[in-house]
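# Summary of the model geometry
The primary structure of each chain is shown beneath.
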Amino acid sequence: MSDFDYLQLEDLIHSRVRLSIMTALITSIEVDFSFLKEKLHLSDGNLSVNMRKLEEAGYVNITKQFIKRKPRTTYRITEKGREAFEKYIGNLKKIIEATEN
Amino acid sequence: MGNEIEKELEIIQQMIQNTKKRAMDSGNILIMWGLLFIVAMIFMQILQNTISTKRLTIYFWVFPVVGLILTLILKSKKREKKKLKTYADKIVGAIWLACGFSLATIKIVFIVSSHNIEFIFTASIFFVIIGIGMIISGYVYQWSILKLVGLFWWLGAILIQLLPQNYLPMVFLNQLGLGLIVPGLIANHLNKKEG
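Along each chain, the written sequence defines residue order, and numbers are assigned to residues from 1. To label them, take the chains in the order written and letter them from A, then take the ligands in the order written and number them from 1. Totals for whole chains, interfaces and linings use all residues, but because this is a predicted model, local features are given only for residues with pLDDT of at least 70 and pairs of side-chain atoms are given and counted only at 80 or more. Note that water and hydrogens are dropped before the side-chain values are worked out from all heavy atoms of the structure.

## Some words on the pattern of salt bridges
In what follows, salt bridge is the name for a side-chain nitrogen of Lys or Arg lying within 4 Å of a carboxyl oxygen of Asp or Glu. The tally for this structure, following the rule as stated, stands at five salt bridges over all chains. Of the charged contacts, one joins aspartate 32 of chain A and arginine 72 of chain A as a salt bridge, the two residues approaching to 2.8 Å between their closest N and O atoms. In this pair, aspartate 32 of chain A is assigned in strand S1 (residues 28-32) and arginine 72 of chain A in strand S3 (residues 70-77), connecting sequence segments 40 residues apart. By relative accessible area, aspartate 32 of chain A is classed as buried at 7%. Three labels apply to residues, based on accessible area from a 1.4 Å probe with only protein chains included: buried if under 20% of the type maximum, exposed if over 50%, partly exposed otherwise in between. Using a relative accessible area of 12% as the deciding quantity, one classes arginine 72 of chain A as buried. Aspartate 44 of chain A serves as the salt-bridge partner of lysine 37 of chain A, at 2.9 Å between the closest nitrogen and oxygen. Through salt bridges with shared partners, a single network forms among Glu30 and Arg76 of chain A together with Lys85 of chain B. Strands are runs of DSSP state E lasting at least 2 residues, helices are runs of H or I lasting at least 4, and numbering of each runs from the N terminus.

## Quick word on the interface of chain B and chain A
Here, two residues are considered to be in contact whenever any of their heavy atoms come within 4.5 Å of each other. In this complex, chain B contributes 21 residues to the contact, which on the side of chain A involves 31 residues. Put simply, buried area is the surface a 1.4 Å probe can reach on two separate parts but cannot reach once they are joined, added for both. Of the roughly 2,400 Å² buried at the junction of chain B and chain A (both faces included), carbon and sulfur atoms supply 65%. A per-residue breakdown of the area chain B buries against chain A is headed by Met15, Lys83 and Lys85 of chain B, which together make up 26% of the total. Counting the contacts that link chain B with chain A gives two salt bridges. Lysine 85 of chain B is the partner of glutamate 30 of chain A in a salt bridge, and the nearest nitrogen-oxygen pair spans 3.8 Å.

## Considering the nonpolar core
All names here are of chain B. What makes a nonpolar core is a set of buried Ala, Val, Leu, Ile, Met, Phe, Trp, Tyr and Cys residues whose side-chain atoms join them at distances within 4.5 Å. Membership of the largest hydrophobic core comes to 38 residues, with the highest contact counts inside it found for Trp33, Met134, Trp153, Ile160, Phe172 and Leu180. When contributions to this core are tallied by element, the ones reaching two or more residues are helix H2 (27-50), helix H5 (87-112), helix H6 (119-141), helix H7 (144-162) and helix H8 (168-194). Beyond its immediate chain neighbours, meaning those up to four positions away, isoleucine 160 contacts Ile120, Ala123, Ser124, Phe127, Leu168, Val171 and Phe172.

In short, shape yes, function no, at least from these values alone.
Below, the structure written as structure tokens:
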């Protein structure tokens, strides 16, 4: 059995929805609210709650604007968010290596 | 724990798949350029038959300017609707901007140098640059059709030098049809399929 501390996986990212959001944001420049809602099969409320948590942690930047009188919300990952995600992936890698050993 | 890690990796992999685009979303821009140059060819043919002037090619350069304006309009419309902005789109946009500036620079150099450079020679250089843009775009989007289209433009650059002048309209039409309109239609179709 490995002696890796699983608590090192950050709780904020360690949820199915937020991990998916962070992955989408790290692989793109900008992601629209409706894109995330559609791909993650989430309700508006559920997605908003998760996005707010990521925003409060300083992991995402939110831009709200009106295009042809319709509201549009887009998200971008911040440098802090990028670092947190990279650390998270690094820890996942360590767990896999520890499990293999 | 092993199962949990597997699930996490699955989530990451699935989301990367979701955000990975296989098709360029500039299908309409390719189609517009193809159609615009077909109109330009017909227009030039009509001019050639009606006006007897040696400086006919000057009129031709109105069309790229119109194309540039239409490209900017189409791009800004697309930007409004875009749900996902990817790094691939950004890179391909930069490549085509560089290609466009290269084409404009070459034309300006030819005009300024005041050498009597034939239109057909300029066209070959333009075909090569369009080919470069297509091939790099094909590699960025991992889309083989665009790579083949790039090679097709290079082949066209050689063909227009080798074939007799009466074959040129046919070669130009082929290039515009198979090198711009067809890939544009395929890109639109793939984009619709991807959602």
